[in-house]
Amino acid sequence: QVSLVESGGGLVQSGGSLGLSCVVSGITFSLYRVGWYRQPPGKQREMVALLTGTSNPTYADSVKGRFTISRDNAKKTVYLQMNNLKPEDTAVYYCNAIPAWSGAVPHNYWGQGAQVAVSS
């Protein structure tokens, strides 16, 4: 059974920092692209950061230079370090994993979500 469990959300003031973690089980973690998405209040879910392998991440323009995605394949964990947070970063953040090998069925796995709230 596949499981993605996020932790680390919370409330922070504008300009502050938070870190999110997502522990993954039930898949061969190193073969998956991992990522973070978020859903602001009243809006659609959007991509925040993606990472296939351990290098060359992709970031949404709105978070470039402030957020950093990383992974530890031995711990089957993906991280999101968020610095210089802004009120518009307020959202529920979701961890995602999708197979990254050629020919794989593109099945998305999702975590339950972690709330991040940034006060002005």
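Residues numbered from 1 in each chain as written. Predicted model: local features only at pLDDT ≥ 70, side-chain atom pairs only at ≥ 80, totals over all residues. Heavy atoms only, no water.

**Quick look at the side chain of Glu6**
Topologically, Glu6 is positioned in strand E1 (residues 3–7). We note that Glu6 is buried and unpaired, the nearest opposite charge coming from Arg45 at a distance of 7.7 Å. One polar contact links the side chain of Glu6 to the main-chain amide nitrogen of Gln112, over a distance of 3.0 Å. Here Gly113 takes part through its backbone nitrogen, which lies 2.8 Å from a polar atom of the side chain of Glu6. Apart from the residues lying within four places of it in its own chain, the contact partners of Glu6 are Ser21, Cys22, Trp36, Tyr93, Tyr94, Cys95, Gly111, Gln112, Gly113 and Ala114. (Helix = DSSP H or I, 4+ residues; strand = E, 2+ residues; numbered from the N terminus. Buried < 20%, exposed > 50% of the residue type's maximum accessible area, 1.4 Å probe, protein only. Lys, Arg positive; Asp, Glu negative; His and termini not counted. Salt bridge = Lys/Arg side-chain N within 4 Å of Asp/Glu carboxyl O. Polar contact = N/O pair within 3.5 Å; in protein donor to acceptor, adjacent residues only side chain to side chain. Contact = heavy atoms within 4.5 Å.)

**Describing the pairing of strand E8 (residues 77–82)**
Examined bridge by bridge, strand E3 (residues 18–25) and E8 share 6 bridges and lie antiparallel to one another. Considered in E8, the bridge of Ser21 is made with Tyr79. With 6 bridges joining them, strand E7 (residues 67–72) and E8 adopt antiparallel strand pairing. Bridging from a neighbouring strand, Asp72 pairs with Thr77 of E8. Linking E7 back to E8 in an antiparallel pair, the connection comprises 4 residues, with Lys76 at a positive phi of about 50°. (Pairing = 2+ DSSP bridges.)

**Some points on the pattern of salt bridges**
Across all of its chains, the model carries 4 salt bridges by this definition. For the salt bridge of Glu46 with Arg38, the shortest nitrogen-to-oxygen distance reads 2.7 Å. Relative accessible area serves as the criterion here: at 4%, Arg38 is assigned to the buried category. Across the pair Lys64 and Asp61 runs a salt bridge, and its minimum N-O distance is 3.1 Å. For Asp61, a relative accessible area of 66% puts it in the exposed group. One salt-bridge network, held together by shared partners, links Arg38, Glu46, Arg66 and Asp89.

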